[in-house]
Amino acid sequence: MTEKPPLPSDENTDWLSEGQSQTQLTTSPNEVETDNGDRPAWDSKIQYVLAQVGFSVGLGNVWRFPYLCHQNGGGAFMLLYVFLLLIVGVPLFFMELAAGQSIRQGSIGVWKHISPKLAGIGYSSCMVCFYVALYYNVIIAWSLFYMGNSFQYPLPWEQCPVDVTTNDTVKECASSSPTSYFWFRKALDITNSIEESGEFNSIMTGCLLAAWAIVSLAMIKGIKSSAKVMYFSSVFPYVVLFIFLIRGLMLDGAIEGITYMFYPKLEIWGEVQVWRQAATQVFFALGLGYGSVIAYSSYNPVHNNCHRDALLVSGINLMTSVLASLVVFVVLGFRAKNIALQCVAENLGLLSNMASDGSSQHWWPWFNMTDPSSVSIAEYREWYHHYSSMVGPNVTDCNLEHEMNKGVEGTGLAFIAFTEAMALFLASPFWSTLFFLMLLNLGLSTMFGTMQGILTPLMDNFSLLGRHRTLLTVSSCALGFLIGLLFTQRSGNYFVTMFDDYSATLPLISVVIFETVSVAWVYGADRFLDDVEVMLKWRPPVVYKYLWKYICLLAMASLLAASLLRMIFKAPTYTAWNQSTASEMTLEYPGWALAMIVFLIVVASLPIPIGYIHSMLQNRRARNAHPKEGGSREMHWEMYTKCSSTEQLDSNSHCVPSEEDEAHPRTAFLPLGSEHYRLLPQQEEEDEEDTGV
């Protein structure tokens, strides 16, 4: 049997080089270096890790995870979260890291590389990133406003202001609290509902402009400039969290806060809603589907150990959530105990007034009513439990657990509950400045990753935009500011809530489902692991294959179904501030707002089917235009197959295509040289004569 001729060179096979835009199967290693020679790269591994950690660790770790953990069984929820993180979060995170690093493209280029029909996945990721960037920078603007107001003593939210016309405390503040009044009236100047738009809030508009200016300046040179900012913005929040934890553990009520935080309630594992919330938190905590993880990893060397990176970043993210939970609940425990002790003092004052009137009752407390500081909450509650029916309605219970159960999350935690607690600290302006500077840096590091998820794919796929990186960055930030003016109206907070609750969740879950299908089924999990093996020089555990193909897909599909059913059967609502009653109330969105929610979801999801249809039409036009030429190319290419990355390739070896190879398009993540390919055996022709291409 004669030896097969070598793979033809590029000079003699124009049909093969023309097909490289879709498959990039036979690009030589030298060409890879040339193509990616101008691509930016991280200066060091620590720079890259800080960028990934900075993106994945965001405001949700500080004000969302502690609330979910507390409301859903404490330690039991944390165990459930860790379980879902290991079987869903880490595999999907590793998949995105490996895809971006091997192809060295943004989200559009990665999925387009597998198949042009999948390019819409990347465009959907860009749309969601744009949605998130719009409202996320508003939160940064709020942090700037509060940080600016922290440089004064006393803090402006420590006491209620006085109405100059009546010389009395402002009614709205007296009926709520100084921190609630400052947030809703001074910072937001909020309307009573989303239907009352109101005029623009000039102060917040200025803060939003400053926030976008910071983002633009930090990213104007791409990762070269933003990575330098990351050294501070990613590390500083940890310094602040540890400082707050040490300070918080010295506060009265810290142990009570930790106890309520971690007390396990295992019965919650039987509730579907808790599983949905845990899966959603895993999903958003790692930043899956945004394209930012892919964008950051695309600037890595090809042989970087992305598997270790996936475990490292996921572990740091989990530890940050636990650390933030400790900080939040030692401070909230201190706040709750102060409120409960204040309640005891007020009730003892009422009892003292009753005693001074000369009345004598058998139910008088056995402790000293004239010195409230000597009476513990437990002593007062024991007395109240026995004689509450005799003292009248004015004397109330003082329940520490009740105060802790007033779960607060999001802006309510950061801008109301936490600010109230810090106002009780000694040197409160210092602690307030530190806290809002931490929020600012958490927001910025996530914002850099979100913007990178928009800019990198666009620059990779449109050469004109790639040549004008600075102009694209500045223009994107300017557009973000202009659209973001929607959130600086007096009703802007309601639109922030709308975007946060509905604009990203469903599209992102859909994006990750299609990503997983693309890798595990369209490309093939075994082939993907082959390419990862080439990168890492060792093969990841085979368990990833089954997690990607079955467990992750099932989990994501269940999460999508649960989120859809919840939206359908439970009318979307938002929390509004009523100025006359000085309290929050839950309202349903009006019809036009529901239409806006549907529009946002559809616009973000639409690129996926549009990309598929567009590619199908292009292929059909190409086949109609060159039917013979296309058939010839296909015939020639079918004579070749990719050898296993672990095979010893010699001149006499032939690679036989596996069943999976025959079932999937012949595409490779890693651009391989011609030495990795051999002709398929042509048995019938071999028996008769030599076969040449």
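Model, not experiment: these values are computed from the prediction.

The next subject is the overall build of the protein. The number of helices and strands found in the protein is 32 helices and 6 strands. Taking as baseline every contact in the protein between residues at least 6 positions apart, the subset at least 24 positions apart corresponds to 81%.

With that out of the way, let us pick up the packing of aromatic side chains. All chains considered together, the criterion is met by 45 aromatic pairs. Between the aromatic rings of Y146 and F436, the centroid separation amounts to 5.0 Å while the plane-to-plane angle is 35°, which identifies the pairing as tilted. Linking Y146 in helix α9 (residues 119–149) with F436 in helix α22 (residues 428–461), this pair joins segments that are 290 residues apart in sequence. With respect to burial, Y146 and F436 carry one shared label: buried. Here the aromatic rings of F528 and W548 are separated by 5.3 Å at their centres, their planes lie at 75°, and the arrangement is edge-to-face. Taken together, the residues span a long stretch of sequence, with F528 in helix α26 (residues 505–536) and W548 in helix α27 (residues 543–569) at a distance of 20 residues. Exposure class is identical for F528 and W548. Each is buried. K549 extends its terminal NZ or CZ atom over the ring of W521, reaching a point 4.4 Å from the ring centre.

Okay, unusual backbone geometry next. Cis geometry marks the peptide bond from Y153 to P154, where omega comes out at -5°. With a phi angle near 55°, A427 is a residue other than glycine that sits in the positive phi range. With a phi close to 70°, K537 is a non-glycine residue in the positive phi region. You can see K537 is positioned in the loop between α26 and α27.

The bond known as a disulfide is covalent and runs between the sulfur atoms of two cysteines. In this structure the tally under the stated criterion is 2 disulfides. With a sulfur-sulfur separation of 2.0 Å, C343 is cross-linked through a disulfide to C398. A torsion of -75° about the S-S bond marks the disulfide between C343 and C398 as left-handed. Here C398 lies in the loop between α19 (377–387) and α20 (400–404) and C343 lies in helix α18 (residues 306–356), a separation of 55 residues in the sequence. Free of any disulfide, C126 has its nearest neighbouring cysteine sulfur in C129, separated by 6.5 Å.

A separate point is helix α12 (residues 202–219). The terminal C-alpha atoms of α12, which comprises 18 residues, lie 26 Å apart, in line with the 26 Å expected from a rise of 1.5 Å per residue. M204, T205, C207, L208, A211, W212, V215, S216, A218 and M219 are the residues of α12 that are buried. For α12, the N-terminal capping position is held by N201, with its side-chain oxygen 3.3 Å away from the main-chain nitrogen of I203.

Let's shift gears to a nonpolar patch on the surface. A contiguous nonpolar surface patch, about 510 Å² in accessible area, is contributed by L79, F83, L266, W269 and W275. Take L79: it is sitting in helix α7 (residues 75–103). On the basis of relative accessibility, which here comes to 52%, the residue L79 falls in the exposed class.

Of all the 10 residues making up helix α11 (residues 178–187), 8 are buried; the element is thus mostly covered by neighbouring parts of the structure. Restricting attention to buried positions, one finds in α11 the residues T179, S180, Y181, F182, W183, F184, R185 and A187. Just downstream of α11 lies D189, where phi reads positive at about 50°.

Take I121: it is sitting in helix α9. Distance from I121 to P609, taken between C-alpha atoms, is 8.9 Å for residues 488 residues apart in sequence. Setting aside its immediate chain neighbours within four residues, I121 contacts W111, V511, F514, E515, S518 and I608.

What follows is about the pairing of strand β3 (residues 573–578). Alignment of β3 against strand β4 (residues 583–588), held across 6 bridges, turns out to be antiparallel. Note that in β4 the partner of A576 across the bridge is M585. In sequence, β3 turns back onto β4 through a hairpin of 4 residues, with A582 there showing a positive phi of about 55°.

Note on placement: L188 falls in the loop between α11 and α12. Residue L188 is classed as buried on the basis of its relative accessible area of 6%. For the pair L188 and T488, spaced 300 residues apart in sequence, the C-alpha to C-alpha distance is 8.2 Å. In contact with L188, other than residues within four places in its own chain, are W142, W183, N201, R490 and N493.

Our focus in this paragraph is the packing of helix α14 (residues 236–249) against α22. Contact pair α14 / α22: the axes reach a minimum separation of 9 Å and the direction vectors enclose 145°. For the pair α14 and α22, the crossing hand works out as left-handed. Residues F236, P237, V240, L241, I243, F244 and R247 of α14 pack against W431, L434, F435, L437, M438, N441 and L442 of α22. Considered class by class, the residues forming the contact of α14 with α22 number 12 nonpolar, 1 polar and 1 charged.

Take the packing of α9 against helix α25 (residues 492–503) next. It is at 10 Å that the axes of α9 and α25 come closest, and there the two elements cross at 135°. When the interaxial angle is binned, α9 and α25 end up oblique. Every pair of crossing elements has a handedness; the one defined by α9 and α25 is left-handed. Residue-level inspection shows Y131, L134, Y135, V138 and W142 of α9 in contact with α25, the latter providing N493, V496, F499, D500 and S503. By residue class, the composition of the contact of α9 with α25 is 7 nonpolar, 2 polar and 1 charged.

So, about the pattern of salt bridges. Following the criterion strictly, the structure yields 11 salt bridges and no others. A salt bridge links D309 to K45; the nearest nitrogen and oxygen atoms lie 3.0 Å apart. One end of the pair, D309, is in helix α18; the other, K45, is in helix α4 (residues 45–56), with 264 residues separating them in the sequence. Take D309: its relative accessible area is 2%, and that puts it in the buried class. The class of K45 is partly exposed, set by a relative accessible area of 31%. Salt bridges sharing common partners tie together E172, R185, D189 and R490.

What follows covers the confidence of the model for the protein. A residue-level look at the protein finds 81% of positions with pLDDT of 70 or above and a mean pLDDT of 80. Confidence over residues 630–667 falls short of pLDDT 50; this stretch has 83 contacts with residues more than four positions distant or in other chains. Contacts from residues 672–693, a stretch scored under 50 in pLDDT, to residues over four places away or in other chains number 53 contacts.

About the thresholds
Residues numbered from 1 in each chain as written. Predicted model: local features only at pLDDT ≥ 70, side-chain atom pairs only at ≥ 80, totals over all residues. Heavy atoms only, no water. Helix = DSSP H or I, 4+ residues; strand = E, 2+ residues; numbered from the N terminus. Contact = heavy atoms within 4.5 Å. Phe/Tyr/Trp six-rings, centres within 6.5 Å; stacked < 30°, edge-to-face > 60°. Buried < 20%, exposed > 50% of the residue type's maximum accessible area, 1.4 Å probe, protein only. Lys NZ or Arg CZ within 6 Å of the ring centre and 35° of its normal. Disulfide = S-S within 2.5 Å. Expected span 1.5 Å × (residues − 1). Polar contact = N/O pair within 3.5 Å; in protein donor to acceptor, adjacent residues only side chain to side chain. Patch = residues over 30% accessible without salt bridge, like charges linked within 9 Å, V, L, I, M, F, W, Y side chains within 5 Å. Areas by Shrake-Rupley, 256 points an atom, 1.4 Å probe, with all protein chains shown as cover. Salt bridge = Lys/Arg side-chain N within 4 Å of Asp/Glu carboxyl O. Pairing = 2+ DSSP bridges. Axes fitted to C-alpha atoms, helices over the stretch in contact; angles between N-to-C directions. Left-handed = near helix turned anticlockwise from the far one by under 90°. Nonpolar A, V, L, I, M, F, W, Y, C, P; charged D, E, K, R; others polar. Parallel < 35°, antiparallel > 145°, perpendicular 65-115°, else oblique. pLDDT = per-residue confidence, 0-100.

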